[in-house]
Amino acid sequence: MTPEEYQLLINLVMDRYHTLNLTFEQAEKVYKYEQEKDTYSAKHFFSAWEEWDYELSEFRQILNEEQLASHENYLNGNSQRYKQSLVEQDSEKEKDIACYEEQINFYETQFLPDFFKDPYLRFSWLLNDNAKIEYLRTEYKLFLNDTKKEILINHFRHYRVFKPNELKVALLQHKLSCLLPNYRQFKCQMDEPTKAVALFFITKHRYLPDNIEKLLARKFKELKIFNEAIFKKYYSDIGGWRAEVGQQSDEEENESRVMALLLLDEGKYGY
């Protein structure tokens, strides 16, 4: 960078913060702060609140008292507008809450009971694999705990207390994963030993006993019909089609069903 180019960049900083009447030396420090703040990272990023806190922390070391008071008022205004936008966005989540609550009711009262009526039906073909099943369930419980903690931390990091409906939606989604194990998501988070145990079951039980196959086919057909109906009920106003993101192949869908059956827990994983 030439001295002229550098001079231009600092002048642009002074223009952006013209209400503060920065000196050239102050503008240089602000420029350095902006460069550090905007450093690219694929893993780490600020929430809006964190970015404002970082900015205030740096500007306290750069500005004089009069400038700082002016800039704090500016940041407070941004914060208030942001809070209001979060509240307004959150009011739109009531439909999602109703949808997920109806899904949970369907799972608990209609979809899942058939799987627990006859334990022998579920496990007669797995008598020699109980230890491996318990291992997978223990790992799935850890996955659920970790996922819930992530939901809570990320929510309050980004939204604080201004989007309670958003949090409720996320926790209802998590409850669905407690009721009917989400193997597809679990698989993405598995460590190597857990992947090996899961692969053992997938390989060994690629073909299920007829009674188990019929049970799964019947129940997941019921689930598909219900999901289509509830989507139409709550979201028909967004159009006559629904995009399937990351749609599974027949083999992947069968794998998810079998593993969901193995991971089913009548105690809902303590939810």
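The rules behind these values
- Along each chain, the written sequence defines residue order, and numbers are assigned to residues from 1.
- With the structure being a predicted model, the display of local features is reserved for residues of pLDDT at least 70 and the display and counting of side-chain atom pairs for 80 or more, all residues being used for whole-chain, interface and lining totals.
- The basis for every side-chain value is the complete set of non-hydrogen atoms in the structure, without hydrogens or water.
- Strands here are runs of E lasting at least two residues and helices are runs of H or I lasting at least four, both read from the DSSP assignment and numbered beginning at the N terminus.
- Only the C-alpha atoms count toward the radius of gyration. The rule for a globule is 2.2 Å times the residue count to the power 0.38.
- Think of it in three bands: residues with accessible area under 20% of the maximum for their type are buried, residues over 50% are exposed, and the middle band is partly exposed, with areas taken using a 1.4 Å probe on protein chains only.
- All accessible areas in this document rest on Shrake-Rupley with a 1.4 Å probe, and a residue is counted as covered only by the protein chains that are shown.
- Where helices are involved, their axes are fitted lines through C-alpha atoms of the stretch in contact, as for all axes, and angles between N-to-C directions lie from 0 to 180°.
- Working rule for angles: under 35 degrees goes down as roughly parallel, over 145 as roughly antiparallel, 65 to 115 as roughly perpendicular, anything else as oblique.
- Crossings are sorted by hand: turned counterclockwise from the far helix by less than a right angle, the near helix makes the crossing left-handed, and turned clockwise it makes it right-handed.
- The contact definition used throughout considers only heavy atoms, calling two residues in contact when any of these lie within 4.5 Å.
- Charged residues are taken to be Asp, Glu, Lys and Arg, nonpolar residues to be Ala, Val, Leu, Ile, Met, Phe, Trp, Tyr, Cys and Pro, and polar residues to be all remaining types, Gly included.
- As used in this record, nonpolar core signifies buried Ala, Val, Leu, Ile, Met, Phe, Trp, Tyr and Cys residues forming a set joined through side-chain atoms within 4.5 Å.
- Only Phe, Tyr and Trp rings take part, Trp by its six-membered ring, and two of them pair if their centres are within 6.5 Å. Stacked means planes under 30 degrees apart, edge-to-face means over 60, and tilted covers everything else.
- Charges are assigned to positions over rings by a cutoff of 6 Å between ring centre and Lys NZ or Arg CZ, combined with an angular limit of 35 degrees from the ring normal.
- The disulfide definition used here is simple: a pair of cysteine sulfur atoms within 2.5 Å.
- To estimate the expected span of a helix, count its residues, drop one, and scale the result by 1.5 Å.

(A) Summary view of the overall build of the protein. Scanning the protein for helices and strands turns up 13 helices and zero strands. If you list the helices and strands of the protein from N to C, you get α-α-α-α-α-α-α-α-α-α-α-α-α. Taken over C-alpha atoms, the radius of gyration comes to 27 Å for the protein, far larger than the 18 Å a tight globule of 271 residues would show. Overall, the protein is about 80 × 40 × 35 Å in size when its C-alpha atoms are taken along their principal axes. Per-residue burial over the protein gives 38% buried out of 271 residues. Approximately 17000 Å² of the protein is accessible, and the part contributed by carbon and sulfur atoms is 52%.

(B) Looking closely at the packing of helix α8 (residues 130-159) against helix α11 (residues 192-204). For the pair α8 and α11, interaxial distance at closest approach is 10 Å and the crossing angle is 130°. By the criterion of interaxial angle, the relationship of α8 to α11 is oblique. As for how α8 packs across α11, the hand of that crossing is left-handed. Of the residues in α11, those in contact with Lys132, Ile133, Tyr135, Leu136 and Glu139 of α8 are Pro193, Thr194, Val197, Ala198, Phe200 and Phe201. Of the residues contributing to the contact of α8 with α11, the split by class is eight nonpolar, one polar and two charged.

(C) Layout of the environment of Asn154. If you trace the backbone, Asn154 turns up in helix α8. For the pair Asn154 and Ser47, spaced 107 residues apart in the sequence, the C-alpha separation amounts to 9.3 Å.

(D) Summary view of the nonpolar core. One finds Tyr107, Phe111, Leu112, Phe115 and Leu180 to be the most contacted residues of the largest nonpolar core, which totals 30 residues. Taken together, the elements giving at least two residues each to this core come down to α5 (94-111), α6 (113-116), α9 (164-179), α12 (210-235) and α13 (250-263). For this core, the leading source of residues is α12, giving ten residues. If sequence neighbours within four positions are ignored, Leu112 has contacts with Tyr107, Leu179 and Leu264.

(E) Highlighting the packing of aromatic side chains. Taken as a whole and assessed by the stated rule, the structure comprises 21 aromatic pairs. Taking the centre distance of 5.7 Å and the plane angle of 55° together, the rings of Tyr17 and Phe59 count as tilted. In this pair, Tyr17 is assigned in the loop between α1 (3-16) and α2 (24-37) and Phe59 in helix α3 (residues 48-59), connecting sequence segments 42 residues apart. For the pair Tyr17 and Phe59, a shared accessibility class is recorded, and that class is buried. Ring pairing ties together the aromatic residues Phe106, Tyr107, Phe111, Phe115, Phe220 and Phe226, which thus form one cluster. When the ring centre of Phe200 is taken as reference, the NZ or CZ atom of Lys132 above it lies at 4.8 Å. Here Lys163 stacks its cationic end above the ring of Tyr159, 4.5 Å away from the centre of that ring.

(F) Layout of the state of the cysteines. Summed over the entire model, instances satisfying the criterion amount to zero disulfides. In this model Cys99 remains outside any disulfide bridge; the closest cysteine sulfur is found in Cys178, 18 Å from its own. Judged by its relative accessible area of 5%, Cys99 is buried. Cys178 takes part in no disulfide bond, and the closest cysteine sulfur to it belongs to Cys188, at a distance of 17 Å. On the accessibility criterion, Cys178 (2% relative accessible area) is buried.

(G) Broad picture of the environment of His155. Along the polypeptide, His155 turns up in helix α8. For the pair His155 and Asn105, spaced 50 residues apart in the sequence, the C-alpha separation amounts to 25 Å. For His155, the contacting residues outside a window of four places in its chain are Arg160, Lys163, Glu166 and Leu167.

(H) Representation of α13. With 14 residues, α13 should reach 20 Å at 1.5 Å per residue; the first-to-last C-alpha distance of 20 Å fits that figure. Listed in full, the buried residues belonging to α13 are Glu255, Ser256, Val258, Met259, Ala260, Leu261, Leu262 and Leu263.

(I) Geometry of the packing of α2 against α3. Running from N to C, α2 and α3 cross one another at 150°; their axes reach a closest spacing of 11 Å. By the angle class used here, α2 and α3 are roughly antiparallel. The way α2 lies across α3 gives a crossing that is right-handed. Contact residues: Val30, Tyr33, Glu36 and Lys37 in α2; Glu51, Tyr54, Glu55, Glu58 and Phe59 in α3. Partitioning the contact of α2 with α3 into residue classes produces four nonpolar, no polar and five charged.

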